[in-house]
Amino acid sequence: MEQQEYIEKQLELGRKINLNNTVEPTKIHTVAGVDLAYWKDGSAEYAVCCIVVLDYRTHKPIESVSFMDKIKVPYIPGCLAFREIPLFGKALGKLENTPEVFFFDGNGYLHPRHMGLATHAGILFDVASVGIAKSYYKIGDTDFIMPEQEDGAFTDIRVGGEIYGRALRTHAKVKPVFVSAGNKVDLDTAVLMAMELTEKESHIPLPTRLADLMTHEERRKYMGARNN
């Protein structure tokens, strides 16, 4: 597909976004973190998608799966999800446990067309999802306002008067993360869960932190295998 076709598909999917909250944090049992890592082998590009399932209360890992494949979709700014959705779908199919909420290392509603990976995947697979990005994907000329230096401080990121996401400082004196609703979760609940899932060792909520660590391990394994 050409770039315009990807954008038109995003606009079509965007009409199905559900920002009504369908999860109750006090009743959640399992959540999952999702992340991908890329590498090149000559002219070919590969990626691995990792999903780590956790017990929401104890934060203990329950299950982890991964799926690696060659990337067939070119990189187009704002259309990253099209590269990652096929791998996520394959990894998702390996899970024995069904998480109640998926936390994606990336954006959801905080996207020019509200179609970051968390939203895109949430709609396609009909799951509750949240976007947790480590850096701000600037939308137009909109910058974010740095939150106060205290645990749980946040500032809304408004574009044209609409709240797209939040810059959230999970710990005092650390960089903020950028939280956005994906699908079937509202922003307040997304922030609440992000805070509950953040431990002392890192400012990144545990689901995406563990998924990120796993992608680095898997990438090293695959790259090592190809070099042997």
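Draft legend 1. Quick peek at the nonpolar core. If you look at the biggest cluster of nonpolar residues, it comprises 31 residues, and the most contacted ones within it are V31, V101, F103, V130, V179, V185 and M193. Elements with a contribution of two residues or more to this core: strand 1 (30–41), strand 2 (44–55), strand 4 (101–105), strand 5 (129–133), strand 8 (177–183), helix 4 (187–196) and helix 5 (206–227). With six residues, strand 2 is the largest single contributor of residues to this core. When neighbours within four sequence positions are excluded, V185 is seen to be in contact with N18, L19, N20, N21, V23, V101, A128, S129, V130, A190 and M193. Grouped together as the second largest cluster of nonpolar side chains are 21 residues, A47, V53, L87 and A91 included.

Draft legend 2. Looking closely at the pattern of salt bridges. Summed over all chains, the structure comprises eight salt bridges. With a shortest N-O distance of 3.3 Å, K72 and D69 are connected by a salt bridge. Taking the relative accessible area as the measure of exposure, K72 reaches 64% and is therefore exposed. With relative accessibility at 27%, the residue D69 sits in the partly exposed group. The partner of R166 in a salt bridge is D156, with the nearest N and O atoms 2.6 Å apart. Taken together, the residues R166 in strand 7 (residues 162–169) and D156 in strand 6 (residues 153–159) connect sequence positions ten residues apart. Taking the relative accessible area as the measure of exposure, R166 reaches 10% and is therefore buried.

So, how was this worked out
Residues numbered from 1 in each chain as written. Predicted model: local features only at pLDDT ≥ 70, side-chain atom pairs only at ≥ 80, totals over all residues. Heavy atoms only, no water. Core = buried A, V, L, I, M, F, W, Y, C linked by side-chain atoms within 4.5 Å. Buried < 20%, exposed > 50% of the residue type's maximum accessible area, 1.4 Å probe, protein only. Helix = DSSP H or I, 4+ residues; strand = E, 2+ residues; numbered from the N terminus. Contact = heavy atoms within 4.5 Å. Salt bridge = Lys/Arg side-chain N within 4 Å of Asp/Glu carboxyl O.

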